[in-house]
Amino acid sequence: LAKKNLNEKFAYYEQALEASTSERLNMIRSLRHDFSERRLQVWFQPQLKLADRKVTGMEALLRWPDGNGGYISPAQFIPLAEYSGLIVDIGAWVLEESLRKLKQLQEKGLSSLTVGVNVSMQQFRSPRFLDTVLNTLQQFDMAPDCLELEITESVVMDDPSVVIDTLSKLREAGVKVSIDDFGTGFSSLSYLQQLPLDRIKIDRAFVTAVEEDQGAIIAETIVALGKKLKLTTVCEGVETEAQAKHMLEIGCDEAQGFLYARPMPFTDLLTFLTDDNS
Ligand code: C2E
Ligand code: MG
Ligand code: MG
Ligand code: MG
């Protein structure tokens with residue numbers, strides 16, 4: 001299952017990168033243009049405690065309007081943003097926008113929520129990254145522990161000693177770090193133990209499969225591993241009550257998925273948070 005998910009991802013990546021060179025360049029050009037015209041958006045998907053469904057925070061997810069009322073899938077344009085290096089500036093903006101919105105929530109009395117921001121390898125590798133994160137927190141006068149950076153296993157395995165060093169500095173500053181899409185990458189378990197992490201996000205593939213024998217075994221094992229390492233476990237892509245029930249039974253702490261809420265613009269998030277939750 002992990003393999004299927006990984007293959008799917010790889011296929012997306014290949015699809016994006018194998019488009020003809022001119023198509024690719026056109027798309028990069030229009031992404032750069034739309035970014036400079038401030039047409040990109042940051043949407044938010046709530047995260048909840050499985051036990052009582054209290055909202056704990058949300059994940060920031062980039063959206064690129066296609067000009068026809070629709071959106072170009074991140075799976076399609078994130079690889080191009082990475083390939084072109086644009087992700088460094090776009091990512092810095094996503095971080096800024098996420099903290100700006102979190103600040104607005106706090107000012108409305110919705111405190112103690114966290115925001116998760118996805119970080120690509122190119123950003124993480126950039127020598128400016130640590131300063132960018134700390135400066136943005138300072139800009140909004142935010143406590144570092146309301147920010148959670150999401151990195152994937154491929155970021156960790158890119159250059160483990162450098163990554164461990166940067167992660168340690170972020171951790172010292174109080175920023176939270178989670179490992180995204182856990183179980184689909186190839187991270188070595190020995191590194192996992194050395195990494196200063198706070199959360200493991202269990203990939204949707206294992207959550208979808210949790211009602212099958214094999215799928216349940218893997219999800220249970222990841223939750224147990226998380227507990228041993230004293231990490232919070234979060235399951236991604238929960239779509240059914242049965243999946244939620246099962247993940248709760250195996251001891252998973254938090255969840256995110258269409259069952260509770262889809263990613264949404266900030267104004268909708270405000271309504272969602274003030275209506276019946278928290
Ligand atoms: P991710 O970080 O693993 O984000 C979770 C993805 O799962 C999101 O897809 C979300 O819409 C989707 N999702 C959430 N709940 C469900 C569910 O119940 N069912 C299903 N089928 N899907 C669900 P999205 O927004 O299309 O983003 C895809 C990926 O693009 C993200 O995966 C992340 O890797 C990347 N991405 C998105 N925004 C950013 C960003 O600002 N920076 C970077 N570097 N990458 C980003
Ligand atoms: Mg993520
Ligand atoms: Mg994920
Ligand atoms: Mg992902």
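Basis of the calculations
- Residues numbered from 1 in each chain as written.
- Chains lettered and ligands numbered in written order.
- Predicted model: local features only at pLDDT ≥ 70, side-chain atom pairs only at ≥ 80, totals over all residues.
- Heavy atoms only, no water.
- Salt bridge = Lys/Arg side-chain N within 4 Å of Asp/Glu carboxyl O.
- Helix = DSSP H or I, 4+ residues; strand = E, 2+ residues; numbered from the N terminus.
- Buried < 20%, exposed > 50% of the residue type's maximum accessible area, 1.4 Å probe, protein only.
- Near = heavy atom within 4 Å.
- Polar contact = N/O pair within 3.5 Å; in protein donor to acceptor, adjacent residues only side chain to side chain.
- Areas by Shrake-Rupley, 256 points an atom, 1.4 Å probe, with all protein chains shown as cover.
- Donors = N, O, S within 2.8 Å, 3.2 Å for Na, K, Ca; no water.
- pLDDT = per-residue confidence, 0-100.
- Pairing = 2+ DSSP bridges.
- Phe/Tyr/Trp six-rings, centres within 6.5 Å; stacked < 30°, edge-to-face > 60°.
- Lys NZ or Arg CZ within 6 Å of the ring centre and 35° of its normal.
- Core = buried A, V, L, I, M, F, W, Y, C linked by side-chain atoms within 4.5 Å.
- Contact = heavy atoms within 4.5 Å.

As annotated in an unreviewed UniProt entry, the chain carries the name EAL domain-containing protein and comes from Corallincola platygyrae.

Let us now look at the pattern of salt bridges. By the definition in use, this model includes 14 salt bridges. Ionic pairing is found between Lys227 and Asp253, a salt bridge with its closest N-O pair at 3.6 Å. Linking Lys227 in helix α11 (residues 213-228) with Asp253 in the loop between α12 (241-249) and β9 (254-255), this pair joins segments that are 26 residues apart in sequence. We classify Lys227 as partly exposed; its relative accessible area is 44%. Judged by relative accessible area, which is 28%, Asp253 ranks as partly exposed. Close ionic contact of Glu249 with Lys245 constitutes a salt bridge, the shortest N to O distance being 3.3 Å. In this pair, Glu249 and Lys245 both sit in helix α12, 4 residues apart, roughly one turn of the helix. The pair Glu249 / Lys245 is uniform in exposure class, with both members exposed. Here the residues in one salt-bridge network are Glu96, Glu97, Arg100 and Lys101, joined through shared partners.

Attention now goes to the site of ligand 1. Among the 23 residues in the neighbourhood of ligand 1, the closest are listed as Arg63, Asn118, Ser120, Glu239 and Phe258. Arg63 is positioned such that a nitrogen or oxygen atom in its side chain is 2.8 Å from an oxygen atom of ligand 1. Relative to its unbound accessible area of 810 Å², ligand 1 is 81% covered by the protein chains. Contributing elements (two or more residues each) for the shell around ligand 1: β2 (55-65), α3 (74-84), α4 (87-107) and β6 (176-182). Broken down by element, the shell around ligand 1 gets its largest block of residues, 4 residues, from β2.

The magnesium ion (ligand 3) binds to the protein through Asp180 (OD), Asp181 (OD), Glu236 (OE) and Glu236 (OE); the donor distances cover 2.0 to 2.5 Å. Taken as a pair, the magnesium ion (ligand 3) and the magnesium ion (ligand 2) show a spacing of 3.9 Å, with Asp180 coordinating each metal. Here Asp181 is found in strand β6, whereas its partner Glu236 is found in the loop between β8 (232-235) and α12, with 55 residues between them in sequence. Under the relative-accessibility criterion, Glu236 is labelled buried at 11%.

Our focus in this paragraph is the coordination of the magnesium ion (ligand 2). The protein atoms that coordinate the magnesium ion (ligand 2) are Glu59 (OE), Asn118 (OD1), Glu150 (OE) and Asp180 (OD), at distances spanning 1.9 to 2.2 Å. On the primary sequence, the residues serving as donors to the magnesium ion (ligand 2) are separated as E-x58-N-x31-E-x29-D.

Take the confidence of the model for the chain next. Detailed conclusions should not be drawn from predicted coordinates in areas where pLDDT is low. When pLDDT is averaged across the chain, the result is 91; 91% of the residues are at 70 or more. Interface scoring of the predicted complex returns ipTM 0.98; its pTM is 0.92.

The subject of this paragraph is the pairing of strand β4 (residues 114-118). Bridge count for β2 against β4 is 4 bridges, and the pairing is parallel. For Gly57, the partnering residue across the bridge sits in β4 and is Thr114. Where β4 lies against strand β5 (residues 147-152), 4 bridges are found, and the strand directions are parallel. Along β5, the bridge assignment pairs Val115 with Leu147.

Another point: the packing of aromatic side chains. On inspection of all chains with the given rule, the structure shows 5 aromatic pairs. Seen from their ring centres, Trp43 and Tyr71 are 5.0 Å apart, and the 70° between their planes marks the pair as edge-to-face. Within this pair, whereas Trp43 is found in strand β1 (residues 41-49), its partner Tyr71 is found in strand β3 (residues 71-72), the two being separated by 28 residues in sequence. The exposure class of Tyr71 is partly exposed, given its relative accessible area of 38%. If you follow Lys101 out to its NZ or CZ, it ends over the ring of Phe266, 5.5 Å from the centre. Across the ring face of Phe258, the terminal group of Arg262 is positioned such that the distance to the ring centre comes to 3.8 Å.

Turning our attention to the nonpolar core. Counting 79 residues, the largest nonpolar core has Leu102, Leu105, Phe124, Val133, Leu147, Leu149 and Met247 as its most contacted members. Considering each element in turn, this core owes the most residues, 9 residues, to α4. The residues contacting Leu105, other than those within four sequence positions of it, are Met58, Leu110, Leu113, Phe266, Leu269, Leu270 and Leu273.

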